[in-house]
Amino acid sequence: MKDLALSNKILLNTDFECALQEIDMLLNTTATELIGYPEYGMSVETFLWTLTPTTSELKKYIQDQINQYCVFARQFSVEVNVEYYKGQYRSIYLVVISMKAPDGRLALRKYQYQ
């Protein structure tokens, strides 16, 4: 039994489910938030609005972090796509992460930063 669930009511039984949860935890954890592992976490919003990266730079940053910290995700095909929408008052980065299992299952995770 694996338990990477954020809630006591949910039990994750497969590596695929654990990989999805790993990615969610990584993208939603602020750097230095995890005691004992200050390098873990993405701080995506700080990265975006401090450095204003291109979509390819943000894609590479996220992919590198997933490759480094998401052990379960390494056994699946993970693809990161980033789109940038320039707004009059506020711009939006849309990050879509797709993960494909060897048996053909496909999962999408969408993250929006504005």
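Read on for an overview of the structure. Because the structure is a prediction, the values reported are computed rather than measured.

Each value, and the rule that gives it
- The numbering scheme is per chain: residues are counted from 1 as the chain's sequence reads.
- Per-residue local features are limited, in this predicted model, to residues with pLDDT of at least 70; the limit for side-chain atom pairs, both in listing and counting, is 80 or more; totals at the level of whole chains, interfaces and linings are taken over all residues.
- Note that the side-chain values use all heavy atoms of the structure and ignore hydrogens as well as water.
- A helix here means a DSSP run of H or I that spans at least four residues, while a strand means a run of E at least two residues long, and both kinds are numbered starting from the N terminus.
- We call two residues contacting when some pair of their heavy atoms lies within 4.5 Å.
- Every accessible area reported is derived by Shrake-Rupley at a probe size of 1.4 Å, with residue values counting cover from the shown protein chains alone.
- We define a nonpolar core as any set of buried Ala, Val, Leu, Ile, Met, Phe, Trp, Tyr and Cys residues linked to one another through side-chain atoms lying within 4.5 Å.
- Burial classes: relative accessible area under 20% of the type maximum marks a residue as buried, over 50% as exposed, and values in between as partly exposed (1.4 Å probe, protein chains only).

**So, the overall build of the chain**
Within the chain, the secondary structure is distributed over 3 helices and 3 strands. N-terminal to C-terminal, the α/β element order of the chain is α-α-α-β-β-β. Partitioning the contacts of the chain with sequence separation of at least 6, the portion at a separation of at least 24 is 38%. When the accessible surface of the chain is totalled, it reaches about 7300 Å², and 51% of it is carbon and sulfur.

**Things to note about the nonpolar core**
With 30 residues, the main nonpolar core has Ile-23, Leu-58, Ile-62, Ile-66, Val-95, Ile-97 and Met-99 as its most contacted residues. For this core, the secondary structure elements donating two or more residues are helix H1 (15-27), helix H2 (44-51), helix H3 (55-69), strand S1 (77-85), strand S2 (92-100) and strand S3 (106-113). When residues of this core are assigned to their parent elements, the largest contribution, 6 residues, is made by H1. Discounting chain neighbours no more than four positions away, the residues touching Ile-66 are Ile-23, Leu-26, Ala-73, Val-78, Val-80 and Ile-97.

Function cannot be read off these values alone, since they describe shape.
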